[in-house]
Amino acid sequence: MKEERLNKCLMVQSDAPDWFHAAIADAGESRFVDVDGCAVHYLYWPAKEEAKGNLLLVHGGGGHAHWWSFLAPMLAKDLNVAALCLSGMGDSDPRLSYDSDVRVSDMRGVIADANFVAPTYVVGHSFGGFMASRFGQLYGGELTGIIIVDTPIRPPEKRKEDVKRRPRMGNKRYYSDFNEALKRFRLMPSQPCKNAFLVEHIGRHSLKLDPKGWCWKWDGGAMANQRFGEPFHEYLAAATCRKAFIYGEKSKLMDDDTLGFIKGLVGKEAPVIGIPEAHHHLMLDQPMVFVTALRGVLTAWRHA
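Values in this document were obtained by computation on a predicted structure and should not be read as measured data.

Q: Mind showing me how you'd approach the packing of helix α2 (residues 18–25) against helix α8 (residues 196–204) here?
A: How two helices pack is summed up by the angle between their axes together with the distance between the axes. Orientation of α2 relative to α8, taken along the N-to-C sense of each, is 25°, at an axis distance of 11 Å. Here α2 lies roughly parallel to α8, going by the angle between them. Considering only the axes of α2 and α8, their crossing is right-handed. Across the interface between the two elements, W19, F20 and I24 of α2 pack against F197, L198 and H201 of α8. Its residues placed into classes, the contact of α2 with α8 shows five nonpolar, one polar and no charged.

Q: Got a minute to help me understand the side chain of N54 in this structure?
A: Note on placement: N54 falls in strand β3 (residues 54–58). On the basis of relative accessible area, N54 is assigned to the buried category, the value being 6%. A polar atom in the side chain of N54 sits 3.0 Å from the side chain of N80. With residues up to four places along the chain from it excluded, the contact list for N54 reads L79, N80, F116, V117, P119, T120 and Y121.

Q: Hey, could you run me through the packing of aromatic side chains in this one?
A: Taken as a whole, this structure holds 13 aromatic pairs when the rule is applied. Ring geometry for F20 versus F197: centroids 5.2 Å apart, planes at 70°, classification edge-to-face. Of this pair, F20 sits in helix α2 while F197 sits in helix α8, and the two are 177 residues apart along the sequence. Ring centres 6.2 Å apart and planes at 80° place the aromatic pair F135 and Y139 in the edge-to-face group. Note that F135 and Y139 are positioned in helix α5 (residues 127–139) at a spacing of four residues, about one turn of the helix.

Criteria and thresholds
Residues numbered from 1 in each chain as written. Predicted model: local features only at pLDDT ≥ 70, side-chain atom pairs only at ≥ 80, totals over all residues. Heavy atoms only, no water. Axes fitted to C-alpha atoms, helices over the stretch in contact; angles between N-to-C directions. Helix = DSSP H or I, 4+ residues; strand = E, 2+ residues; numbered from the N terminus. Parallel < 35°, antiparallel > 145°, perpendicular 65-115°, else oblique. Left-handed = near helix turned anticlockwise from the far one by under 90°. Contact = heavy atoms within 4.5 Å. Nonpolar A, V, L, I, M, F, W, Y, C, P; charged D, E, K, R; others polar. Buried < 20%, exposed > 50% of the residue type's maximum accessible area, 1.4 Å probe, protein only. Polar contact = N/O pair within 3.5 Å; in protein donor to acceptor, adjacent residues only side chain to side chain. Phe/Tyr/Trp six-rings, centres within 6.5 Å; stacked < 30°, edge-to-face > 60°.

Below, the structure is given as structure tokens:
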């Protein structure tokens, strides 16, 4: 009865196109892997055709695997695809402390559990892009490439100001009713989005029922501001695998200075692609264009 109630809470009520319903019907396999004593959750889709590689999808801060679950079935046409919940977020267990090394361990644990071998690619959106940069620096030899998606990697002096201005998200509120909590769901950073069904999909998968009531699926320690304090620009510059950058042309996190700085970090040969009419959460704004851009980068790398 409890499981039936939870499943009903996950059903999108907004009008949605056929492609979305088809994607959600292909839900992927829910898996857990133990990474240094922490149960890390991920969703897995095997390639529908002969696999030409493997793809790990990494969500943003406070996110979860379902930020990708409406896109992953399309990407799994000729790729084995996994989307994880970083520890302390989504359906993964919390940890006592967090840093980028811990996140890289989460990602490597999923890659190993899914039996991903070369070629393997990592796509990281927002906060996930910071973590992908660290992965590329530490273990770039294990990857064919990383694709950073609208991650605001700025010079050190600007990063310090960003950390000061960021809202603190360590404290959680509890709600007695699921629908009441769902009404409070907001994209961060805030932005308009015409695809209400996708925002609703993300919101419904962002809540869990605790003894105190409904609350968001993230641990307070995982969302503290110090998670942005590392020299991610150095990590990206030192990444030893291929690199690409995709951004929303209307993203409030991307200005000319930031974009120019990132182009210098990824190198002149790296693809840098702007998605028209897309804000920071570009997979919600322009899902089909985003999938096309990802496929284009991966195909170009495969044929290079």
